[in-house]
Structures are given as structure tokens and as C-alpha cells.
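Residue-level structural notes
Okay, here's what each chain looks like letter by letter:
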Amino acid sequence: MNYGRMRFVAGFLVIPVALYVIYVIAPYAQAFYIAFTDWRGVSASPRFVGTENFQRLLGDGIFWGAVGHNLLLLILMPLLTLVIALFFAFLLNAGGRGGTGGIWGSKFYRVVFFFPQVLAIAVVAVLFQQVFRPDKSGMLNAPLIALGLEPIGFLSDTDVAFWSILGVLVWQAVGFYVVLFSAGIASIPRDLFEAASIDGAGGAQLFFRVTLPLLWDTIQVGWVYLGIAALDVFAIVWVMTAEQGGPDHSTTVMAAEIYRNAFQYFKFGYASAMGVVLFFFTIGFAALALRLSRRERIEF
Amino acid sequence: MAISKSRAYAREERRRRLGPLSVLTHTALLIWTVLVAVPIVWTFLASVKSEDEIFGNAWSLPASLRFDNWGRAWEQAHIGQYMVNSIVVVAFSTFGTMLFGSMAAYVLARYRFRGNRAIYLLFVSGLAFPVYLALTPLFFVVQNMGTIPLIGQFIGLNTHGGLVLVYIAYSLPFTVFFLAAFFRTLPGAVAEAAFVDGASHTRVFFQIMLPMAKPGIVSVTVFNVLGQWNQYQLPLVLLTSDRDKWVLTQGIADISTAAGYDADWSALFAALSMAILPMLIVYTLFQSQIQKGLTAGALK
């Protein structure tokens with residue numbers, strides 16, 4: 001019996017663990033070593049160069065620009081997405097007709113808001129490349145040109161391009177969090193809203209005094225997810241922008257620089273050093289988020 | 001009696017306060033609906049426009065419906081081929097992910113053995129790693145797999161088999177994490193009864209525990225199908241040279257870059273529509289399941 005049990009456990013684990021170790025653990029472990037070499041993929045054995053790659057990174061303006069963009073996204077993308085999503089989730093659930101089962105048409109809104117979430121990020125990037133076109137065939141510039149105004153270089157103006165990217169990221173993310181927060185609000189007992197109403201709370205007070213505090217756990221989960229997503233931005237920048245991170249490096253992000261250095265310049269050692277920096281950003285963010293979110297849970 | 005009266009009063013009171021706001025509420029919700037829907041509808045319209053119309057005013061309607069654009073995208077731009085490739089890859093990788101993921105999760109959740117905790121933590125730690133760090137070594141791991149005698153030709157670079165194995169490996173952390181939590185919550189009595197009747201461990205898993213875990217399995221399957229279908233980064237690195245093997249996201253991104261020179265803009269929009277349409281149909285049919293699946297994934 002016991003022998004069969006152990007054989008069963010081993011039999012069930014061997015393939016998943018093997019796949020995971022070969023394709024995930026081993027590459028991560030190697031990446032840390034490669035970061036300390038000057039490997040360019042051609043030589044059989046990478047040469048160990050110590051911290052040279054990291055020292056060069058310190059003086060790499062493009063990379064620090066990318067880090068800056070990631071940090072800006074890390075703050076703004078969760079903030080904008082969560083605020084907009086909370087607003088709509090509240091309107092859908094507690095607003096309108098007395099908060100009993102959501103307002104008229106709330107199911108329709110939830111379905112439509114979620115659309116962007118099921119589209120591939122590469123498809124979204126191509127879609128918005130067309131939306132942002134600088135001439136009269138661009139959706140946003142057509143009315144401007146018709147009014148005789150200067151068209152906006154949404155993706156070609158170095159001052160604007162980054163904000164266009166941010167807009168697309170928020171556009172895609174909001175729907176998911178509307179649904180997530182709606183589920184959260186739906187699980188708040190109705191009595192609490194009713195008691196607050198009897199005590200004379202208005203819409204704004206219901207939101208800030210009842211909904212928001214009771215939803216805090218869910219909001220924090222969303223914040224962590226969006227933060228990690230902000231550090232992982234790649235396809236939007238790579239597919240949508242000129243020079244893949246341009247114009248003039250104004251939209252580039254860490255992931256794009258890692259990909260460019262590894263698979264276009266074949267500087268594998270240097271790219272891995274960037275990867276190590278990204279790794280510490282991600283781990284640091286996750287640790288910080290977990291620490292900050294350690295708060296007493298509210299039980300209903 | 002008094003309670004139900006005050007409830008009715010509360011509802012009435014809230015309606016009185018929020019009533020005038022409901023016009024504003026619907027206006028706000030409709031604005032976001034338009035923001036989400038218009039770029040998508042606009043793409044469908046552009047997909048049946050002529051080249052001249054696409055370069056004309058963005059907001060003009062097509063004079064006639066040119067469905068030949070769709071034919072050209074399907075045949076000449078190989079969208080048909082890319083879509084088949086995506087379906088094949090995602091079908092195999094999702095099946096593999098669910099099979100191996102649920103096997104590992106089950107054993108880790110319900111059997112006590114030495115190293116259980118370590119293996120579980122190994123899997124879960126993968127949740128926090130940024131994939132970009134592993135890209136370079138992963139490329140070489142897959143390249144080396146290609147040199148294995150006999151099976152190498154199926155799992156090396158530029159093979160669907162190689163991509164499937166990588167997708168499975170990178171989907172395991174979340175799958176194991178989620179399903180292990182799910183298996184832990186299942187009651188053990190039914191399984192014990194089956195053991196008493198002489199069922200083997202394997203049989204108990206496939207015929208009793210797996211069907212009982214169906215809600216969790218469905219959620220994670222939805223999550224994995226969407227994630228793997230929308231994946232762009234991994235195929236970009238692992239399916240570089242052989243265009244016939246490309247998946248849909250690669251094909252779409254490529255048409256948009258190539259459209260600068262080739263300039264078959266109508267076909268680009270048709271290709272985009274073809275990438276969007278099946279996702280919207282599948283999503284609309286299964287929207288409540290998909291929304292539940294994804295929010296459950298985020299809340300665990």
C-alpha cells in the first residue's frame with residue numbers, strides 16, 4: 001500500500017516538475033550567471049567579466065529612461081485604472097435604482113467593458129496604431145483636421161507618445177477591474193448600505209464610508225496585479241511605437257530593452273544584467289505590496 | 001415589521017437622492033461603452049473599405065462592402081494559417097497545462113511526503129519571476145532540446161512542440177497554486193470510500209477528485225486559454241525564422257510593420273477583424289463563465 005502510494009506521488013510529479021525545472025528554473029538560474037559574462041551567443045563558453053555589465057548599465061541613459069518609464073507606469077497605470085474602474089463599479093452596483101441588484105443594463109455594461117480584456121495585447125497595439133494615425137485617416141486626428149486644427153502626433157511626438165501608451169494600457173485594463181470590483185461590491189451585505197442610508201448617507205458618503213473600506217482588500221489585489229503588469233509592459237511598446245520604443249526612446253521600457261539587446265544586438269550578457277535589475281524591481285515591488293497590504297481583514 | 005418598513009424607507013430615500021443622478025450615471029457608463037466599442041466597430045468598418053477610403057476621412061462609411069479584403073488577408077497574408085497554428089498550439093498546451101498542473105496540484109495538496117512543501121514553493125515562486133529575465137537562456141534551452149536525437153526535431157526552436165512545452169511550463173505556477181488551494185477544500189470522504197472499495201490512487205484522481213474539482217478546473221482553463229492565445233513574447237523569441245509556424249499575434253504584428261512597405265491596408269484591417277471576431281464571439285457566448293473564472297483567479 002505505502003509503496004504504491006509513493007510510486008503514485010512520484011509518477012504524478014515527475015513530468016510537471018521536469019518541465020518546470022527545465023524550462024523555468026534552469027533558465028532563471030542561468031540568467032543570473034550570464035549577467036556576469038560577456039556572452040554574445042557565438043563563443044562556446046561565456047567569459048566571466050564580474051560586474052562589468054552592471055557598471056556599464058549605470059551609465060546607460062536609454063536603460064534608465066526605460067526604468068523611469070516603467071516606474072511612471074507603475075504609479076499611474078494602477079492609479080488611473082483603479083479610480084476609473086471603482087467609479088464605474090460603484091455606478092453599476094450601488095448607484096441608480098437603490099442598489100438592489102445593480103442598475104438597469106448593468107449586465108450589458110459589464111459585458112462590453114470587458115471586451116478589451118479578451119483581445120490579444122499585440123492586436124490591441126495594432127488597433128491603436130491605426131486609431132492614433134497622424135493624418136486625416138486617424139480616428140482621433142480626423143475631427144481635429146476637419147476643424148482646421150493641427151493634428152496631434154500621438155505616437156510621433158516625444159512629449160505625447162508615452163501618454164498615448166498609458167491611455168491604451170488603461171483602456172484595456174479597466175473592464176476587468178470593473179467586473180472584479182462589482183463582484184466585491186455584490187458581496188457586501190445590503191443591510192450595510194441600507195443602514196447608512198437611514199442614517200442619512202448620500203451617494204458620495206455611501207461610496208467613501210461604506211463601499212471603499214469594505215472593498216479595500218480587493219483594491220489591493222488589483223494594485224499588485226496592475227503593478228506587476230506595469231513592470232511587464234512589452235507588446236504595446238514593441239508593436240505600436242516607431243523604432244520600437246521611440247520616437248527617440250521616449251516610450252521604451254525595460255522589457256523592450258532586454259529584448260532588443262538580446263535578440264537584435266546579441267548582447268546576451270548585457271541583456272541578462274538588465275533582466276536581473278528587472279527581477280529585483282519586481283521582487284521588491286511584490287514584497288513592498290505584501291507588506292503594505294497586511295491589514296486586518298473585515299469579515300462580514 | 002419595523003425592520004422591513006425602515007428598509008423600504010431606506011430604499012425610497014436612496015432612490016430620492018440618487019434618482020436625478022441616474023441620467024448622469026448612464027451618461028458616464030455610455031461614454032466608456034463608446035470608448036470601448038468604437039475602435040473595434042471602426043476596425044470592422046475599415047476591413048470592408050477600399051484603399052482610397054482608408055486613406056480618406058477616418059469617419060466616412062464604406063461605399064460598398066468589400067469582402068475581398070477578408071479573402072486577401074486569409075490567403076495572401078496567411079491569417080488562416082496563423083489562426084490554425086494558434087488553435088493547435090493553444091489546444092495542446094492548455095490540455096497539457098491542465099493535465100500536468102492538476103496532477104501536481106492534487107498530489108501536493110492531498111498527500112504528505114518529504115519535500116512536498118519545497119516542491120510547492122518552487123512552483124509558486126514562479127509567480128513572481130518576470131519572464132524577460134529568462135528569455136535568453138530559455139532560447140538556448142529550447143535550441144539545445146532540438147539537438148536531442150529522435151524527438152529533438154519536434155521540440156526545438158521553430159517547432160510548435162517546443163512552444164507547447166514552454167507554454168505548459170510557464171503556466172504551471174498559477175495553475176498549481178490555484179488548483180492546490182482548490183483540491184485542499186474538497187471533502188475526503190468520497191475518496192476514502194473509493195479506496196475501501198479497492199480503487200487505485202490514479203483512478204480516484206481521474207474518476208472522483210477531478211470531476212469534483214470541475215469549477216476550479218474550468219476557471220483555470222479559461223485563464224490559460226486566454227493567456228496562451230494572447231501570448232506574443234514567447235513565440236517572438238521561439239518561432240523566429242519559419243513564418244509558416246507563426247501564431248496569430250505574430251502574424252498581426254508583422255502585417256502592421258510590413259504594411260508600411262507593402263501597403264495592403266485593407267487586408268490589415270481585415271486581418272485585425274479576423275483576430276478580434278472569434279474572441280468576441282467566444283467571449284459573448286461564455287461571458288459569465290469567463291468573468292467568473294478570471295475574477296476567481298484574481299481573488300485567490
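Conventions adopted
- Residues numbered from 1 in each chain as written.
- Chains lettered and ligands numbered in written order.
- Predicted model: local features only at pLDDT ≥ 70, side-chain atom pairs only at ≥ 80, totals over all residues.
- Heavy atoms only, no water.
- UniProt positions renumbered as here; feature names shortened; annotations may be inferred.
- Helix = DSSP H or I, 4+ residues; strand = E, 2+ residues; numbered from the N terminus.
- Rg over C-alpha atoms; globule rule 2.2 N^0.38 Å.
- Buried < 20%, exposed > 50% of the residue type's maximum accessible area, 1.4 Å probe, protein only.
- Contact = heavy atoms within 4.5 Å.
- Areas by Shrake-Rupley, 256 points an atom, 1.4 Å probe, with all protein chains shown as cover.
- Lys, Arg positive; Asp, Glu negative; His and termini not counted.
- Charge placed at Lys NZ, Arg CZ, Asp CG, Glu CD.
- Buried area = accessible area lost by both parts, 1.4 Å probe.
- Salt bridge = Lys/Arg side-chain N within 4 Å of Asp/Glu carboxyl O.
- Polar contact = N/O pair within 3.5 Å; in protein donor to acceptor, adjacent residues only side chain to side chain.
- Nonpolar A, V, L, I, M, F, W, Y, C, P; charged D, E, K, R; others polar.
- Axes fitted to C-alpha atoms, helices over the stretch in contact; angles between N-to-C directions.
- Parallel < 35°, antiparallel > 145°, perpendicular 65-115°, else oblique.
- Left-handed = near helix turned anticlockwise from the far one by under 90°.
- pLDDT = per-residue confidence, 0-100.
- Expected span 1.5 Å × (residues − 1).

The name an unreviewed UniProt entry gives chain B is N-acetylglucosamine transport system permease protein, with Streptosporangium lutulentum as the organism. Per its UniProt entry, chain B bears the Subcellular location (unreviewed entry) comment "Cell membrane". Its UniProt record, at the heading Sequence similarities (unreviewed entry), says of chain B: "Belongs to the binding-protein-dependent transport system permease family."

Chain A has the name N-acetylglucosamine transport system permease protein in an unreviewed UniProt entry, where Streptosporangium lutulentum is given as its organism. Taken from UniProt, the Subcellular location (unreviewed entry) comment for chain A reads in full: "Cell membrane". Check the Sequence similarities (unreviewed entry) section of the UniProt entry for chain A; it says "Belongs to the binding-protein-dependent transport system permease family."

Glancing now at the overall build of chain B. Counting its secondary structure elements, chain B contains 16 helices and 0 strands. Taking 2.2 N^0.38 as the reference for a compact globule, 300 residues should give roughly 19 Å; the C-alpha atoms of chain B span a radius of gyration of 25 Å, well beyond that estimate. The C-alpha extent of chain B, read off along each of the three principal axes, is 80 × 75 × 35 Å. Counting over 300 residues, chain B shows a buried share of 53%. Restricting the contact set of chain B to residue pairs at least 6 apart, pairs at least 24 apart contribute 68%. Element-wise, carbon and sulfur atoms account for 67% of the exposed surface of chain B, whose accessible area totals about 13700 Å². Between the centroid of the 21 positive side chains of chain B and the centroid of its 14 negative side chains there is a distance of 23 Å.

Let us now look at the interface of chain B and chain A. Taken together, the contact between chain B and chain A spans 98 residues of the former and 106 residues of the latter. When chain B packs against chain A, close to 9200 Å² is buried across both sides, 77% of that on carbon and sulfur atoms. Viewed at the interface, chain A and chain B are joined by 0 salt bridges. Where chain B touches chain A, the interface holds 14 residue pairs in polar contact (both at pLDDT 80 or more). Class assignment of the residues belonging to the side of chain B that touches chain A gives a composition of 70 nonpolar, 22 polar and 6 charged.

What follows is about the packing of helix 7 (residues 161-186) of chain A against helix 10 (residues 216-231) of chain A. Residues and elements named next belong to chain A. Helix 10 packs onto helix 7 with a crossing angle of 155° between their chain directions and a minimal axis gap of 10 Å. When the axis of helix 7 is compared with that of helix 10, the two are roughly antiparallel. Of the two possible hands of crossing, helix 7 and helix 10 adopt the one that is right-handed. Counted together, Ala173, Tyr177, Leu180 and Phe181 of helix 7 and Thr218, Ile219, Gly222, Tyr225 and Leu226 of helix 10 form the full contact between these two elements. Partitioned by chemical class, the residues of the contact of helix 7 with helix 10 number 7 nonpolar, 2 polar and no charged.

Another point: the confidence of the model for chain B. Residues and elements named next belong to chain B. In this model, chain B carries an average pLDDT of 86, and 91% of its residues clear a pLDDT of 70 or more. Per-element mean pLDDT across chain B ranges from 64 in helix 1 (residues 2-18) up to 95 in helix 5 (residues 79-110). Model confidence for the complex: the whole-complex pTM is 0.88, and ipTM, which rates the interface, is 0.86.

All names here are of chain A. As recorded in UniProt, the feature "transmembrane region" (unreviewed entry) lies at residues 12-36, 71-96, 108-132, 160-180, 223-241 and 268-290. As annotated, residues 160-180 has a helix share of 95% and a strand share of 0%, and its two end C-alpha atoms lie 31 Å apart. The annotated region residues 223-241 carries 79% helix and 0% strand content, and the separation between its end C-alpha atoms amounts to 26 Å.

On to helix 10 of chain A, then. Taking 1.5 Å of rise per residue, 16 residues should cover 22 Å, and helix 10 of chain A covers 23 Å from first to last C-alpha, within 8% of that figure. Every buried residue belonging to helix 10 of chain A is among Thr218, Ile219, Gln220, Gly222, Val224, Leu226, Gly227, Ala230 and Leu231 of chain A, and all of these are buried.

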